[in-house]
Amino acid sequence: MVREAEDRDLQEILELYLCLHETSVPECSENLLHTWQQILEDENHHLIVNEADGRIVSSCVCVIIPNLTRNVRPYAFVENVVTHTDFRGRGLASQCLEYARQIAEQCNCYKMMLLTGSKNPGTLDFYRKAGYNSGDKTAFIRWLD
């Protein structure tokens, strides 16, 4: 079942992120809880989860970014696409991305963007099959400490 995250989902999402790039679940802190509340309360921040076997096994984030170009239409940025390793290949992340697309369309976005650090051909093909292309833009990243 695909849906937006709820307050009760924090721990499961943090554990799922271990299949993304995290090496440990962050300690429960005031900063963590404050950030979680910011995410939940931000109408432009959509943390999408997909449940299987009674637990969250796939997720992505879709942030709607207000914009002054393109006839003052916003755009969507997709990040943190992840599926638990035991549940990959079942279309769960595709369902999350489709849910994100529906949100973007409802918000009148003119485009959706995502970045991946993966060079895995299977991952890149997954994004292409989901409707994304890597030919229109060049991404640059500047990491901050």
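A brief structural summary. (Residues numbered from 1 in each chain as written. Predicted model: local features only at pLDDT ≥ 70, side-chain atom pairs only at ≥ 80, totals over all residues. Heavy atoms only, no water.)

### Comments concerning helix α3 (residues 92-106)
Right, on to step 1. When the terminal C-alpha atoms of α3 are compared, their 21 Å separation across 15 residues agrees well with the 21 Å that a helix rising 1.5 Å per residue should span.
Right, on to step 2. Within α3, the full set of buried residues consists of Leu 92, Ala 93, Cys 96, Leu 97, Ala 100, Ile 103 and Ala 104. Each buried residue of α3 sits inside an arc of 140 degrees when the element is viewed along its axis, so together they form one side. When the buried face of α3 is taken as reference, the exposed residues oriented beyond 90 degrees from it are Glu 105 and Gln 106.
Right, on to step 3. Packed against the buried residues of α3 are β1 (2-4), β2 (45-52), β3 (55-65), β4 (75-83), β5 (112-114) and α4 (121-129).
Right, on to step 4. With its phi angle positive at about 65 degrees, Asn 108 sits one or two positions after the end of α3. (Helix = DSSP H or I, 4+ residues; strand = E, 2+ residues; numbered from the N terminus. Expected span 1.5 Å × (residues − 1). Buried < 20%, exposed > 50% of the residue type's maximum accessible area, 1.4 Å probe, protein only. Arc of directions from axis to C-beta. Contact = heavy atoms within 4.5 Å.)

### Points about the nonpolar core
Right, on to step 1. Grouped together as the largest cluster of nonpolar side chains are 17 residues, with contacts concentrated most on Ile 48, Cys 60, Val 78, Val 81 and Leu 97.
Right, on to step 2. Looking at this core, the elements with two or more residues in it are β3, β4 and α3.
Right, on to step 3. With 6 residues, the single largest contributor to this core is α3.
Right, on to step 4. Residues in contact with Ile 48, not counting those within four places in the same chain, are Val 2, Arg 3, Glu 4, Ser 58, Ser 59, Cys 60, Cys 62, Cys 96, Tyr 99, Ala 100 and Ile 103.
Right, on to step 5. Listed in part, the 14 residues of the second largest apolar core include Leu 10, Leu 16, Ile 39 and Val 82. (Core = buried A, V, L, I, M, F, W, Y, C linked by side-chain atoms within 4.5 Å.)

### Some thoughts on the sheet that holds β2
Right, on to step 1. One open sheet holds the 5 strands; their spatial order is β1-β2-β3-β4-β5, and the pairing between them is mixed. Looking along the sheet, the strands with just one partner apiece sit at the ends: β1 and β5. Between one strand axis and the next, the sheet turns by 30 degrees as a mean value, whatever way the strands run.
Right, on to step 2. Contacts between α3 and the sheet are confined to β1, β2, β3, β4 and β5, with β3 contributing the most and set at about 25 degrees to the helix. (Pairing = 2+ DSSP bridges. Axes fitted to C-alpha atoms, helices over the stretch in contact; angles between N-to-C directions.)

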